[in-house]
Amino acid sequence: MLSPHALYDSAPPPQVPVLDIDPFSAAFFDDPYPAHAAMRDAGPFVWLERYNVGAVARYADVREVLTDWGRFSSARGVGMEDFERHGRFRLPSLILEADPPLHSRSRGVLSRALSPPVLKMLRARFATEAETMVEALAARRRFDAIADLAERYPLRVFPDAMGMKREGREKLLPHAEMLFNSFGPRNALFEASRAKASFEWIEEQGRRENLSAGLGLVIHEAADRGEIGHDEAPLLVRALLQAGLDTTVNAIGATLYCLARFPDQWTRLREEPALAKPAFDEAIRFESPVQTFFRTVTRDTEIGGAPVREGDKILMMLAAANRDPRRWSEADRYDIARSTTGHVGFGSGIHQCVGQILARMEGELVLDALLRRVKRIRIAGEVVRRHNNTLRGLASLPVEVEPL
Ligand code: OVM
């Protein structure tokens, strides 16, 4: 088994600040904020000596890397591993791990499958499920905001919306947990979740015969029209199954955690329920459920005047950018009334989250349902963090609510 240090042996480029921070360690996950600040303050481009990869943590530089796919490629993987040097243990995603022109074709198909008119047809069902679930939880008063709501709600609505079979759905979250761990180093977290990989299973779920009416079949219909190959459709369904569940679980979890921790913001939301969508987006800026992704440098270039070499990996600290005081006033304050425009919690540029309208719809509907049933939310037990190499979120958030 390779140690985390074994992936790269390149020396730091000249004049680039070298840091011994490990953004994939338990200590970092428990409190990433001092390390985020140290990374931002060290310079526009820094070197992480533990892994021999570059990193950007300031908002301006994260944006620069996100929006220049020509210099900063996704095709060699958006995790620490470089598909060209290290091979790969699964088929690459046709969208996440691709550059134009391949990326553009996949993106077109998925953005049509997740476009507002399609999502509008799902909205009524999504709203009813949120109402039913929250009504029962409000009656219970005490529940776990993660297991009983942030996980349960997307698990209830998303696989149905995709048109998935019932059987095996319990594999979806463990699979996603493993996949998001795999974007980091080969550390103990990744090794421990590796056994939960279900690539064969998840690729099977994308096959036409395993799908009924829903977003999955919409992708197969795009293949019927010749927009993509019939062999590509299952992989694009896989992309949605992998990207669409754990992310929304952690985004909804982040929102509930923010509103339980900052009761003045819950009060503000009750006064102005139209702030439900902004409250969800501000939680994504504030907690950044997707913390990081990598790019691979395609040619010698520079970032903020620092030399950057072809073939090196760059870690984009999305979460650090989302709290960069160079960009945000009172960056460490959860404020549902601020403008969150430009946050990079969904990424930026051509790879910006293709499912963000669906994610926002889920977030908004959960908050709408809570606003109709609940007067107050308070934390009523031990908050337990879940560690993952890419995702930030909780394993448990016991709450008590006062019903309206
Ligand atoms: C994919 C994929 C998987 C996980 C996450 C993601 C955040 C995409 O298979 O394309 O985007």
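To be clear, the structure that these remarks concern was listed above.
What you are looking at is a predicted structure, and each value in this text was computed from that prediction instead of being measured. (Residues numbered from 1 in each chain as written. Predicted model: local features only at pLDDT ≥ 70, side-chain atom pairs only at ≥ 80, totals over all residues. Heavy atoms only, no water.)

## Some points on the packing of helix 6 (residues 116-140) against helix 17 (residues 356-373)
A pair of packed helices is captured by two measures, namely the crossing angle of their axes and the spacing between those axes. Where helix 6 contacts helix 17, the two axes come as close as 8 Å, and the packing angle between them is 35°. Our pair here, helix 6 against helix 17, has a crossing hand that is right-handed. Two secondary-structure elements touch here, helix 6 through P116, L119, L122, R123, F126, A127, A130, E131, V134, E135 and A138 and helix 17 through I357, L358, M361, E362, E364, L365, V366, A369, L370, R372 and R373. (Axes fitted to C-alpha atoms, helices over the stretch in contact; angles between N-to-C directions. Helix = DSSP H or I, 4+ residues; strand = E, 2+ residues; numbered from the N terminus. Left-handed = near helix turned anticlockwise from the far one by under 90°. Contact = heavy atoms within 4.5 Å.)

## Focus on the sheet that holds strand 5 (residues 142-144)
Strand order in the open sheet made by the three strands is 5-13-10, with antiparallel pairing throughout. Pairing within the sheet leaves two strands with one partner each, and these edge strands are strand 5 and strand 10 (374-379). Strand-to-strand twist in this sheet, taken as the mean axis angle between neighbours without regard to direction, amounts to 30°. The pairing of strand 5 with strand 13 (residues 398-403) spans three bridges and is antiparallel. What sits directly across from D144, in strand 13, is P398. (Pairing = 2+ DSSP bridges.)

## Examining the site of the ligand
Inspection of the region around the ligand gives S93, I95, L96, L179, F180, A239, Q242, A243 and F293 as its neighbouring residues. S93 places a polar side-chain atom, nitrogen or oxygen, 2.6 Å from an oxygen atom of the ligand. In this structure, an oxygen atom belonging to the ligand sits 2.9 Å away from a side-chain N or O atom of Q242. Here the ligand, which alone exposes 300 Å², has 87% of that area covered by the protein. If you list the elements that add at least two residues to the shell around the ligand, you get helix 8 (172-182) and helix 12 (233-243). Examining the composition of the shell around the ligand, we find that three residues originate from one element, helix 12, more than from any other. A class-by-class count of the residues in the shell around the ligand yields seven nonpolar, two polar and no charged. (Near = heavy atom within 4 Å. Polar contact = N/O pair within 3.5 Å; in protein donor to acceptor, adjacent residues only side chain to side chain. Areas by Shrake-Rupley, 256 points an atom, 1.4 Å probe, with all protein chains shown as cover. Nonpolar A, V, L, I, M, F, W, Y, C, P; charged D, E, K, R; others polar.)

## What to know about helix 15 (residues 276-287)
Along an α-helix, residues three or four apart share an orientation, since each turn contains 3.6 residues. Taking 1.5 Å per residue, twelve residues should reach 16 Å; helix 15 reaches 16 Å between its end C-alpha atoms and fits that length. In terms of residue burial, helix 15 counts as a mostly covered element, since ten of its twelve residues are buried. Every buried residue of helix 15 is listed here: A276, A279, F280, D281, E282, A283, I284, R285, F286 and E287. Lining the buried residues of helix 15 we find helix 2 (33-42), helix 13 (246-261), helix 14 (263-271) and helix 17. (Expected span 1.5 Å × (residues − 1). Buried < 20%, exposed > 50% of the residue type's maximum accessible area, 1.4 Å probe, protein only.)

## A few points about the nonpolar core
F126, L149, Y153, I219, L269 and L370 are the most contacted members of the largest nonpolar core, which totals 112 residues. Setting aside chain neighbours within four positions, we find L269 in contact with L259, L275, A276, A279, I336, L367 and L371. L7, M39, A55 and A320 belong to the second-largest nonpolar core, a separate cluster that totals 20 residues. (Core = buried A, V, L, I, M, F, W, Y, C linked by side-chain atoms within 4.5 Å.)

## Things to note about the packing of aromatic side chains
In this structure the tally under the stated criterion is ten aromatic pairs. Ring centres of F183 and F293 lie 5.2 Å apart, and the angle between their planes is 75°; this geometry places the pair in the edge-to-face category. Placement of F183 in the loop between helix 8 and helix 9 (188-194) and of F293 in strand 6 (residues 292-297) is noted, with a sequence separation of 110 residues between them. For F183, a relative accessible area of 5% gives the class buried. Take F293: its relative accessible area is 15%, and that puts it in the buried class. Between the aromatic rings of F262 and Y334, the centroid separation amounts to 6.0 Å while the plane-to-plane angle is 25°, which identifies the pairing as stacked. Highlighted residues: F262 in the loop between helix 13 and helix 14 and Y334 in the loop between helix 16 (318-321) and helix 17, separated in sequence by 72 residues. Judged by relative accessible area, which is 2%, Y334 ranks as buried. Taken together, the ring pairs connect F24, Y51 and F294 into an aromatic cluster. (Phe/Tyr/Trp six-rings, centres within 6.5 Å; stacked < 30°, edge-to-face > 60°.)

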